[in-house]
Amino acid sequence: MKLNVAVQMDPIARINIAGDSTFALLLEAQKRGHGLSYYTPDKLSLRGEELVAPVQVLTVRDEPGNHFTLGEPRREALAAFDVILLRQDPPFDLAYITSTHFLERLHPKTLVVNDPASVRNAPEKLFVMNFPQLMPPTLISRDLDEINAFRDEHGAVVMKPLHGHGGAAVFRVMPQDMNFGSLFDMFSVTFREPWVIQRFLPEIKHGDKRIILVDGEFAGAVNRVPAADDLRSNMVRGGAAQATDLTPREREICATVGPSLRQLGLLFVGLDVIDGKLTEINVTSPTGIRAIARLNGLDVAARIWDAIEARRDGKV
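Note that the coordinates shown come from a computational prediction; the quantities given were computed from them, not determined experimentally.

## Describing the packing of aromatic side chains
Reasoning step 1: Evaluation of the coordinates by the stated rule reveals seven aromatic pairs.
Reasoning step 2: A ring pair is formed by phenylalanine 187 and tryptophan 195, whose centres lie 5.5 Å apart and whose planes are at 85°; its orientation type is edge-to-face. Per residue, the accessibility class of phenylalanine 187 equals that of tryptophan 195, and both read buried.
Reasoning step 3: Each member of the aromatic cluster is reached from another via a ring pair, and the members are Phe171, Phe180, Phe184, Phe187, Phe191 and Trp195.

This is the structure:
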């Protein structure tokens, strides 16, 4: 089966191919003989009932600094594609939400991965609250009295924006922390949405495990260990990737969350787990599959394309 595939992503010239999951998906699609086209989300246009974009034929190579070639732009109706990979990075703002409304008009006749309506309805730090029994104590609020009551109960906490990404603006706040007032003021001015306040997990020093689920099933994992002078384990923030296996608790988390993801059409998802506690469910553009292939030898990109092809072939 040869598919006509479009990828909606951020500018391809700027990606770091060594760790970029989207690039791994593109390499695997090209290997299978699927046709690739590329556009950026700001190029989407809805004209009447027709969703169009100036797409460019894409060829990819696993060569840093020489990783892609693009053809000339051509205006094309996106309904002509078999598959669209929705792979733009956050911020999960109104522009992102609008793109999901656009793509929802095509899905599932054109298979959009992940399902755009479910991406819109499952914000990564909010959807996870559907599974409180798997999480550390967590508050989502911007109310000072609620936050102070939560801090009084749990001591040291982590505070981060609800729709943040990549470890940006993540702070540990200690009991009696003299910086909290200034931090609260800064968050109040900077972020209009509520914030996530979560009990601090000291075991973060041993790593934040990224677990990839494909169609609700475990496909691979990588442990991300923060630098000695940083709270954040994100690899873009200097976290070191390590090979890892799942604990019985982490397998329980996968088994609990997986059926809901499958039901929502969230085919490619990254769970974040610290010390056996689920902290995020990443559904927009999860990372980690190149590190998993390098460290554990598991080909998650192939698993994802197997699942996509099965859906297009009517087997799922």
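## Let's talk about the environment of tyrosine 38
Reasoning step 1: Mapped onto the secondary structure, tyrosine 38 falls in strand β2 (residues 35-39).
Reasoning step 2: Residue classification places tyrosine 38 among the buried residues on the basis of a relative accessible area of 7%.
Reasoning step 3: Along the sequence, tyrosine 38 and arginine 249 sit 211 residues apart, while their C-alpha atoms lie 40 Å from each other.
Reasoning step 4: Once residues lying within four places of it in the same chain are set aside, the contact partners of tyrosine 38 are Val7, Met9, Asp10, Pro11, Ile12, Pro54, Val55, Gln56, Leu58 and Leu70.
Reasoning step 5: Polar contacts involving the side chain of tyrosine 38 include one to the main-chain amide nitrogen of isoleucine 12, which spans 3.2 Å.

## Some details on the nonpolar core
Reasoning step 1: By size, the foremost hydrophobic cluster in this structure holds 38 residues, and its most contacted members are Leu78, Leu271, Leu278 and Ile281.
Reasoning step 2: Elements that contribute at least two residues to this core include exactly β4 (50-60), β7 (83-86), α2 (94-104), β13 (208-214), α7 (248-263), β16 (268-274) and β17 (277-282).
Reasoning step 3: Per element, the largest residue contribution to this core is four residues, and it comes from α7.
Reasoning step 4: By size, the runner-up hydrophobic cluster in this structure holds 35 residues, among which are Leu3, Ala24, Val60 and Ala301.

## Let's talk about the side chain of arginine 87
Reasoning step 1: Looking at the secondary structure, you find arginine 87 in the loop between β7 and α2.
Reasoning step 2: Here arginine 87 is buried and forms no salt bridge, its nearest opposite-charge partner aspartate 20 lying at an N-O distance of 5.7 Å.
Reasoning step 3: Sequence-distant contacts of arginine 87, defined by excluding residues within four places in its chain, comprise Val7, Gln8, Met9, Ser21, Thr22, Leu25, Phe268, Thr284, Ser285 and Pro286.

## Considering unusual backbone geometry
One can expect most non-glycine residues to show negative phi and most peptide bonds to be in trans.
Reasoning step 1: With an omega of 25°, the peptide bond running from proline 90 to proline 91 counts as cis.
Reasoning step 2: With respect to the helices and strands, proline 91 occurs in the loop between β7 and α2.
Reasoning step 3: With omega at 10°, the peptide bond leading from histidine 107 into proline 108 counts as cis.
Reasoning step 4: You can see proline 108 is positioned in the loop between α2 and β8 (111-113).
Reasoning step 5: With a phi close to 50°, aspartate 215 is a non-glycine residue in the positive phi region.
Reasoning step 6: The residue aspartate 215 is located in the loop between β13 and β14 (217-225) in this model.

The rules behind each value
- Residues numbered from 1 in each chain as written.
- Predicted model: local features only at pLDDT ≥ 70, side-chain atom pairs only at ≥ 80, totals over all residues.
- Heavy atoms only, no water.
- Phe/Tyr/Trp six-rings, centres within 6.5 Å; stacked < 30°, edge-to-face > 60°.
- Buried < 20%, exposed > 50% of the residue type's maximum accessible area, 1.4 Å probe, protein only.
- Helix = DSSP H or I, 4+ residues; strand = E, 2+ residues; numbered from the N terminus.
- Contact = heavy atoms within 4.5 Å.
- Polar contact = N/O pair within 3.5 Å; in protein donor to acceptor, adjacent residues only side chain to side chain.
- Core = buried A, V, L, I, M, F, W, Y, C linked by side-chain atoms within 4.5 Å.
- Lys, Arg positive; Asp, Glu negative; His and termini not counted.
- Salt bridge = Lys/Arg side-chain N within 4 Å of Asp/Glu carboxyl O.

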